[in-house]
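In case you want the letters, here they are:
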Amino acid sequence: MTRRERSTALLMLLPILVVVLGAIGYPLLRTLYLSFTDSRLTALNQAPNWVGLGNYVRALSNPDFQAAAARTAYFVLVSVGLELVLGVLVALLLNQKFFGRALVRVLLIVPLALPTIVNAMMWRWIYNPEFGAFNALLTQLHLISEYRSWLGEPGLAMNMVIVADVWKNYPIITLVVLAALQLIPKELFEAAAIDGAGAWTRFWRITWPGILAALSVAMVLRTIEAVKVFDIVYVMTRGGPADSTKTLSFLVYQEGFSYLRSGSAAAYAYLVLLISIVLIALYIVLLRRQERAA
């Protein structure tokens, strides 16, 4: 590419760069500035005071922030863990030949097609303590004797939200793993079977290495999304009961729009961003290791 062609390409990209910088760059810089001030939404006509790292120090020492971080970590570990296990198992099943496999693969898209808000509302109705299908099913199976408020008990609410999240997002893992399974040569399995390798040996020696790269990418991307979880929590529980489902992103929302402390909310948001950056760095390291191994 000549110098003139490079200049022409840059000129053609200039409009979209301006849009990106205006739509993404300015809000990021503005939020970063606010995170170092005591800005409040109730005092928009007053210049905020500079507090430096005060918001960050208070956030890290705030018991509410620490508790929200612990809840978020629990949500990430359990939710992503279940999605990985369920996604791999379903992918292995759908990789086998059976009657109606094409229909089952199509139905797998249904949870993904639902908007997160719709999915959250649906599960909220399923868990309803008065007419929910979940209570009706467990009662008919004689597993419980009376209807329970699944989203109203602090010890159960987060787990119920995790179930709803797993139902919607495990198909992502399934589709990624299923695509990776299609790339594994069938001759390897046939040769291993001839050599007397059992099902577990074939999985551990052939299937697992074949899907590991794709599974690692899916795992890190889902982890990043789980760290930022907000919408499903907001719709299903509003962070309750007794703050048992209040995650970091919900805490950011509450700090900014309930308590109207935009300065500290910006600091909370950047702390969540820093956590996401660490996970992205982990994602890049995993990719580089996989490239070197290949």
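Quantities reported herein were computed from a predicted structural model and do not represent experimental measurements.

Basis of the calculations
Residues numbered from 1 in each chain as written. Predicted model: local features only at pLDDT ≥ 70, side-chain atom pairs only at ≥ 80, totals over all residues. Heavy atoms only, no water. Helix = DSSP H or I, 4+ residues; strand = E, 2+ residues; numbered from the N terminus. Rg over C-alpha atoms; globule rule 2.2 N^0.38 Å. Contact = heavy atoms within 4.5 Å. Lys, Arg positive; Asp, Glu negative; His and termini not counted. Charge placed at Lys NZ, Arg CZ, Asp CG, Glu CD. Core = buried A, V, L, I, M, F, W, Y, C linked by side-chain atoms within 4.5 Å. Buried < 20%, exposed > 50% of the residue type's maximum accessible area, 1.4 Å probe, protein only. Phe/Tyr/Trp six-rings, centres within 6.5 Å; stacked < 30°, edge-to-face > 60°. Lys NZ or Arg CZ within 6 Å of the ring centre and 35° of its normal. Axes fitted to C-alpha atoms, helices over the stretch in contact; angles between N-to-C directions. Parallel < 35°, antiparallel > 145°, perpendicular 65-115°, else oblique. Left-handed = near helix turned anticlockwise from the far one by under 90°. Nonpolar A, V, L, I, M, F, W, Y, C, P; charged D, E, K, R; others polar. Polar contact = N/O pair within 3.5 Å; in protein donor to acceptor, adjacent residues only side chain to side chain. Salt bridge = Lys/Arg side-chain N within 4 Å of Asp/Glu carboxyl O.

Turning our attention to the overall build of the chain. The helix and strand inventory of the chain stands at 13 helices and zero strands. Starting at the N terminus and walking to the C terminus, you meet the elements of the chain as α-α-α-α-α-α-α-α-α-α-α-α-α. The C-alpha radius of gyration of the chain comes to 24 Å, more than 25% above the 19 Å expected for a compact globule of 294 residues. Based on the C-alpha atoms only, the size of the chain along its principal axes is roughly 75 × 75 × 30 Å. Contacts spanning at least 24 positions in sequence make up 66% of the contacts within the chain whose residues lie at least 6 apart. Between the mean site of the 24 positive side-chain charges and the mean site of the 16 negative ones, the chain shows a separation of 7 Å.

Further remarks concern the nonpolar core. Grouped together as the largest cluster of nonpolar side chains are 59 residues, with contacts concentrated most on Val177, Ile232 and Met236. Residue contributions to this core peak at 13 residues, all from helix H8 (residues 154-182). Setting aside residues up to four positions removed in sequence, Met236 forms contacts with Ala120, Trp123, Arg124, Tyr127, Leu151, Met160, Val161 and Ala164.

A separate point is unusual backbone geometry. Apart from glycine, the bulk of residues carry a negative phi angle, and the bulk of peptide bonds sit in the trans form. Following Gly240, the chain continues to Pro241 via a peptide bond in cis, the omega torsion being -5 degrees. Tracing the backbone shows Pro241 in the loop between helix H11 (231-236) and helix H12 (248-258). With a phi close to 55 degrees, Arg238 is a non-glycine residue in the positive phi region. With respect to the secondary-structure elements, Arg238 resides in the loop between H11 and H12. Residue Asp243 is not a glycine yet carries a positive backbone phi of 65 degrees. Tracing the backbone through its elements, the reader meets Asp243 in the loop between H11 and H12.

Below, the discussion takes up the packing of aromatic side chains. Inspection of the entire model under this criterion finds 19 aromatic pairs. Here Phe65 and Tyr268 contribute two aromatic rings whose centre-to-centre distance is 5.4 Å and whose plane-to-plane angle is 40 degrees, an arrangement assigned as tilted. On the criterion of sequence distance, the pair formed by Phe65 in helix H3 (residues 63-94) and Tyr268 in helix H13 (residues 262-293) is long-range, its members being 203 residues apart. Looking at Tyr268, the relative accessible area reads 4%, which means it is buried. Relative to Trp208, the ring of Phe203 has its centre 6.2 Å away and its plane inclined at 45 degrees; by these criteria the two rings are tilted. Among the aromatic residues, ring-to-ring pairing joins Trp123, Tyr127, Phe134, Trp150 and Trp167 into one connected group. Against the face of Tyr234 rests Arg238, its NZ or CZ located 4.4 Å from the ring centre.

What follows is about the packing of helix H6 (residues 116-126) against H8. Following both chains from N to C, one finds H6 and H8 inclined at 135 degrees, their axes separated by 10 Å at the closest point. With respect to H8, the axis of H6 lies oblique. For the pair H6 and H8, the crossing hand works out as right-handed. Where H6 approaches H8, its residues Thr116, Asn119, Met122 and Trp123 are matched on the opposing element by Val163, Ala164, Trp167 and Lys168. Counted by class, the contact of H6 with H8 contains five nonpolar, two polar and one charged residues.

This part is about the environment of Val227. In this fold, Val227 is placed in helix H10 (residues 199-227). The class for Val227 is buried, based on a relative accessible area of 5%. Measuring from C-alpha to C-alpha, the distance between Val227 and Ala192 comes to 40 Å, with 35 residues separating the pair along the chain. Apart from the residues lying within four places of it in its own chain, the contact partners of Val227 are Thr72, Val76, Ser249, Val272, Ile275, Ser276 and Leu279.

With that out of the way, let us pick up the side chain of Ser79. Within the secondary structure, Ser79 sits in helix H3. On the basis of relative accessible area, Ser79 is assigned to the buried category, the value being 0%. Reaching out from Ser79, the side chain makes a polar contact with the side chain of Asp165 at a distance of 2.6 Å.

Glancing now at the pattern of salt bridges. Tallied over the full model, the rule gives six salt bridges. Residue Glu225 is joined to Lys228 by a salt bridge in which the shortest nitrogen-to-oxygen separation is 3.6 Å. For Lys228, a relative accessible area of 39% corresponds to the partly exposed category. Ionic contacts of the salt-bridge type, sharing partners, join the residues Glu83, Asp165 and Arg222 into one network.

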